[in-house]
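If you want the building blocks of each chain, they are given just below.
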Amino acid sequence: STGAEAFLLEPQRTNLLQYSELFSDASWAKTSGGSGSAPIVTPNNVISPDGTQNSSKIVFDSGGGTTASDQSNIGATLSILSGTEYSFSVYLKGSIGGEEIVFRGTDGSYNKATLTSEWKRYSFSSISTSTSWNAIFGIRQGLGGIGTINSNATVYAYGAQAEQGSYATSYIPTNGEA
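Residues numbered from 1 in each chain as written. Predicted model: local features only at pLDDT ≥ 70, side-chain atom pairs only at ≥ 80, totals over all residues. Heavy atoms only, no water.

Brief notes about the overall build of the chain
Phase 1: If you tally the helices and strands in the chain, you get zero helices and ten strands.
Phase 2: Against the compact-globule benchmark of 16 Å for 178 residues, the chain has a radius of gyration of 16 Å, which places it among compact chains.
Phase 3: Considering only C-alpha atoms, the chain reaches an extent of 60 × 40 × 30 Å along its principal axes.
Phase 4: Expressed as a percentage of its 178 residues, the buried residues of the chain come to 44%.
Phase 5: In the chain, of all internal contacts separated by at least 6 residues, the share reaching a separation of at least 24 is 72%.
Phase 6: Within the structure as shown, the chain displays about 8400 Å² of accessible surface, and the carbon and sulfur contribution to it stands at 48%.
Phase 7: Across the chain, the mean location of the 9 positive side-chain charges is 5 Å away from that of the 14 negative side-chain charges. (Helix = DSSP H or I, 4+ residues; strand = E, 2+ residues; numbered from the N terminus. Rg over C-alpha atoms; globule rule 2.2 N^0.38 Å. Buried < 20%, exposed > 50% of the residue type's maximum accessible area, 1.4 Å probe, protein only. Contact = heavy atoms within 4.5 Å. Areas by Shrake-Rupley, 256 points an atom, 1.4 Å probe, with all protein chains shown as cover. Lys, Arg positive; Asp, Glu negative; His and termini not counted. Charge placed at Lys NZ, Arg CZ, Asp CG, Glu CD.)

What about the pairing of strand E10 (residues 152-164)?
Phase 1: Counting buried positions along E10 gives ten out of 13 residues, so the element sits mostly inside the fold.
Phase 2: When strand E3 (residues 55-61) meets E10, the two strands line up antiparallel, connected through six bridges. Pairing of serine 56 across the sheet is with alanine 157, part of E10.
Phase 3: Pairing between strand E5 (residues 85-94) and E10: eight bridges, direction antiparallel. Across the sheet, the residue bridging to serine 87 is glutamate 163, located in E10. (Pairing = 2+ DSSP bridges.)

Description of unusual backbone geometry
Phase 1: Residue asparagine 44 is not a glycine yet carries a positive backbone phi of 50°.
Phase 2: Given a relative accessible area of 44%, asparagine 44 falls into the partly exposed group.

Considering the environment of serine 20
Phase 1: Within the fold, serine 20 resides in the segment before strand E1 (29-33).
Phase 2: Separated by 107 residues in the primary sequence, serine 20 and isoleucine 127 have C-alpha atoms spaced 22 Å apart.
Phase 3: Among residues more than four places away in sequence, those in contact with serine 20 are Asn15, Tyr158, Gly159, Ala160, Tyr171, Ile172, Pro173 and Thr174.

Some points on the pattern of salt bridges
Phase 1: Per the stated rule, a full pass over the model turns up two salt bridges.
Phase 2: Arginine 13 is paired through a salt bridge with glutamate 163; the nearest N and O atoms lie 3.0 Å apart. Here glutamate 163 lies in strand E10 and arginine 13 lies in the segment before E1, a separation of 150 residues in the sequence. Each of the two residues, arginine 13 as well as glutamate 163, counts as buried.
Phase 3: Linking lysine 112 and glutamate 100 is a salt bridge whose minimum nitrogen-to-oxygen distance equals 3.4 Å. Remark: glutamate 100 occurs in strand E6 (residues 100-104) and lysine 112 occurs in strand E7 (residues 110-114); sequence separation between them is twelve residues.
Phase 4: The exposure class assigned to lysine 112 is partly exposed, which follows from its relative accessible area of 38%. (Salt bridge = Lys/Arg side-chain N within 4 Å of Asp/Glu carboxyl O.)

A closer look at the environment of glutamate 118
Phase 1: With respect to the secondary-structure elements, glutamate 118 resides in the loop between E7 and strand E8 (120-127).
Phase 2: In this structure, the C-alpha to C-alpha distance between glutamate 118 and glycine 94, residues 24 residues apart in sequence, is 7.4 Å.
Phase 3: In contact with glutamate 118, not counting residues within four places along its chain, are Leu92 and Lys93.

Looking at the sheet that holds strand E2 (residues 37-46)
Phase 1: If you walk across this open sheet you meet the five strands as E2-E3-E10-E5-E8, and the pairing is antiparallel. Of all the strands in the sheet, the pair left with one neighbour each is E2 and E8. Adjacent strand axes in the sheet meet at a mean angle of 35° when their direction is disregarded. (Axes fitted to C-alpha atoms, helices over the stretch in contact; angles between N-to-C directions.)

Below, the structure is given as structure tokens:
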């Protein structure tokens, strides 16, 4: 043997999202509220972390408002188990870097991430408080503990994953089924 061999040992998981790379699919709801507008998704826009041109450009715009109703999000509604921990992860990069994006957890809380101009996998976990999860990310203003963030952002997204467990496992691509 000319090189070292290794085994990846992690639990078997299922990506609950139907389309992990195709954010333009109807399974990904593009929503807005208040002064915001629905995100605009352009599929296959730039080279993704896997080296092919299959990541999406997403333009979010909350319209300049500063209340929690001012938002521009993309997300998928998933059936989950109450009282169970879930993780959401997605590869993102900003068009210029410094873009602020929020993620909604299974408990209704929000986490903020500040993007760079390089690909990074962002991951958040929470314990569910219901049997339905609107796994969203985007811009939402005026959230407690987060406050006002940038009113618009152009980001690139690839490889979203929602799974049962306290941390994100290796990326599991899906194309029409979980």
